[in-house]
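The chain contents come next:
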Amino acid sequence: QVQLVESGGGLVQAGGSLRLSCAASGSISSINAMDWYRQAPGKQRDLVASITSDGRTNFADSVKGRCTISRDNAKNTVYLQMNSLKAEDTAVYYCHALVVLKTAPSRRHYWGQGTQVTVSS
């Protein structure tokens, strides 16, 4: 079917930057929205940023002005550039994609396995 593979997480000091990547592969006809979510221990999974296939973006208030999201449609890849990181940004970051499969006309949701981002204060 479809696999989403994230990369780029790690340990960074407060004020630093990280760039997350998520590559989708498999039986993909097209991808509508691609998003980044995050989940801190004991908390729900929340939307961080999203981008549509035509480049429209949306950000959580907590990251506005500090993050940018972009995608390469030819590579089925989405990126999240995070700057001025804070300790409260520490979480597991998950990639999500709404995919139209080559084998089916409907859209389906897929998730990556998550990548840990830890910001030390």
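Residues numbered from 1 in each chain as written. Predicted model: local features only at pLDDT ≥ 70, side-chain atom pairs only at ≥ 80, totals over all residues. Heavy atoms only, no water.

### What about the overall build of the chain?
Let me state the cut-off plainly: Each helix is a run of DSSP H or I of at least 4 residues and each strand a run of E of at least 2, with the numbering of both proceeding from the N terminus. Only the C-alpha atoms count toward the radius of gyration. The rule for a globule is 2.2 Å times the residue count to the power 0.38. We call two residues contacting when some pair of their heavy atoms lies within 4.5 Å. Charge counting treats Lys and Arg as positive and Asp and Glu as negative, with His and both chain ends excluded. To locate a charge, the coordinates of NZ of Lys, CZ of Arg, CG of Asp or CD of Glu are taken.
When helices and strands are tallied, the chain shows zero helices and 11 strands. When the helices and strands of the chain are read in sequence order from the N terminus, they spell out β-β-β-β-β-β-β-β-β-β-β. In summary, the chain has a C-alpha radius of gyration of 14 Å against a globular reference of 14 Å for 121 residues, a match within 12%. C-alpha extents for the chain along the principal axes are approximately 45 × 25 × 20 Å. Within the chain, counting contacts between residues at least 6 apart in sequence, those at least 24 apart form 56% of the total. Mean positive and mean negative side-chain charge positions of the chain (13 and 8 charges, respectively) differ by 4 Å.

### Let's talk about the pattern of salt bridges
Here is the rule: Within this document, salt bridges are pairs made up of a side-chain nitrogen of Lys or Arg and a carboxyl oxygen of Asp or Glu, the two lying within 4 Å of each other.
By the definition in use, this model includes four salt bridges. Across the salt bridge formed by Asp 54 and Arg 56, the nearest N and O atoms sit 3.1 Å from each other. Ionic pairing is found between Asp 61 and Lys 64, a salt bridge with its closest N-O pair at 3.1 Å. Among the ionic contacts, a cluster of salt bridges with common partners joins Arg 38, Arg 66 and Asp 89.

### Brief notes about the sheet that holds strand β1 (residues 2-7)
Applied cut-off: Note: two strands are recorded as paired if DSSP finds a minimum of 2 bridges between them. Between N-to-C directions, angles cover 0 to 180 degrees, with each direction set by a line fitted to C-alpha atoms, over the stretch in contact for helices.
Pairing is antiparallel in the open sheet, where four strands are placed in the order β1-β3-β8-β7. Bordering the open sheet on either side are β1 and β7 (67-72), each of which pairs with just one other strand. Geometrically, the sheet is characterised by an average inter-axis angle of 15° between neighbouring strands, direction not taken into account.

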